[in-house]
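Descriptive structure summary
One letter stands for each residue in the lines below.
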Amino acid sequence: MKSLNKIVSLFTYSIIIYSIVTTTISQSLWLDMRVHSTYICYGIFLLMLILIVSKDINDRKFLITLDILFLFPVFMGKLNRIAYEIRDAFYLVISVKYFKFILIAIILVDNFLTFSTKEKSL
């Protein structure tokens with residue numbers, strides 16, 4: 001169960017951090033045309049994998065912070081773009097509409113797994 005939680009946390013943290021970074025980059029047309037989102041996606045997933053494997057971070061505080069920051073791209077209307085770019089980076093053959101639901105489901109499952117543990121301290 002602990003390893004499943006870490007794997008889901010890896011995906012959740014990577015998705016949220018990627019969405020924040022790509023939303024910030026997309027605000028500048030010049031920067032958006034010169035930065036390849038695929039490399040950003042691979043880099044962030046690799047960074048989060050190294051971070052989760054190398055040391056144990058406080059999952060609850062980190063997840064609460066990322067959940068609040070995830071509202072920025074959602075309110076900016078960039079969720080379709082984020083789903084498209086992550087889907088394109090991993091060469092998945094699925095529509096953007098369904099992949100967006102999968103991303104939201106991964107985030108919800110991670111929130112449930114993180115906050116449903118017996119340890120109640122933040």
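The structure presented is a predicted model; accordingly, all values stated were derived computationally and were not measured.

**Concerning the packing of aromatic side chains**
Taken as a whole and assessed by the stated rule, the structure comprises two aromatic pairs. Summarising the aromatic geometry, the rings of Y42 and F90 are spaced 5.7 Å apart at their centres and angled 70° between planes, so their arrangement reads as edge-to-face. Of this pair, Y42 sits in helix α3 (residues 37-54) while F90 is found in the loop between α5 (79-89) and α6 (96-115), placing the two residues 48 residues apart along the sequence. With a relative accessible area of 34%, Y42 lands in the partly exposed category. Looking at F90, the relative accessible area reads 34%, which means it is partly exposed. Arranged with centres 5.2 Å apart and planes meeting at 75°, the rings of F45 and F90 form a pair that is edge-to-face. Of this pair, F45 sits in helix α3 while F90 sits in the loop between α5 and α6; the two residues are 45 residues apart in sequence, bridging distant segments of the chain. Feature note: the residues Y42, F45 and F90 constitute an aromatic cluster, connected by ring pairs.

**Looking at the nonpolar core**
Counting 24 residues, the largest nonpolar core has Y13, I15, I16, Y18, C41, I86 and L103 as the members making the most contacts within it. Those elements giving two or more residues to this core turn out to be α1 (2-26), α3, α4 (59-75), α5 and α6. Broken down by element, this core gets its largest block of residues, seven residues, from α1. The contact partners of L103, leaving out residues within four places of it in the chain, are I15, A83 and I86.

**Considerations on the packing of α5 against α6**
The N-to-C vectors of α5 and α6 enclose an angle of 95°; their axes lie 9 Å apart at closest approach. In this view, α5 runs roughly perpendicular relative to α6, as classed from their interaxial angle. Each of L79, N80, A83, Y84, I86 and R87 in α5 lies in contact with α6, whose residues at this interface are V96, F99, K100, L103 and I104. Tallied by class, residues from the contact of α5 with α6 come to eight nonpolar, one polar and two charged.

**So, the environment of K78**
Examined against the element boundaries, K78 turns out to sit in the loop between α4 and α5. Note on K78: relative accessible area 19%, which makes it buried. Along the sequence, K78 and I20 sit 58 residues apart, while their C-alpha atoms lie 9.6 Å from each other. Among all residues touching K78, those that are not within four sequence positions of it are T23, S26, Q27 and P73.

Rules used throughout
- Residues numbered from 1 in each chain as written.
- Predicted model: local features only at pLDDT ≥ 70, side-chain atom pairs only at ≥ 80, totals over all residues.
- Heavy atoms only, no water.
- Phe/Tyr/Trp six-rings, centres within 6.5 Å; stacked < 30°, edge-to-face > 60°.
- Helix = DSSP H or I, 4+ residues; strand = E, 2+ residues; numbered from the N terminus.
- Buried < 20%, exposed > 50% of the residue type's maximum accessible area, 1.4 Å probe, protein only.
- Core = buried A, V, L, I, M, F, W, Y, C linked by side-chain atoms within 4.5 Å.
- Contact = heavy atoms within 4.5 Å.
- Axes fitted to C-alpha atoms, helices over the stretch in contact; angles between N-to-C directions.
- Parallel < 35°, antiparallel > 145°, perpendicular 65-115°, else oblique.
- Nonpolar A, V, L, I, M, F, W, Y, C, P; charged D, E, K, R; others polar.

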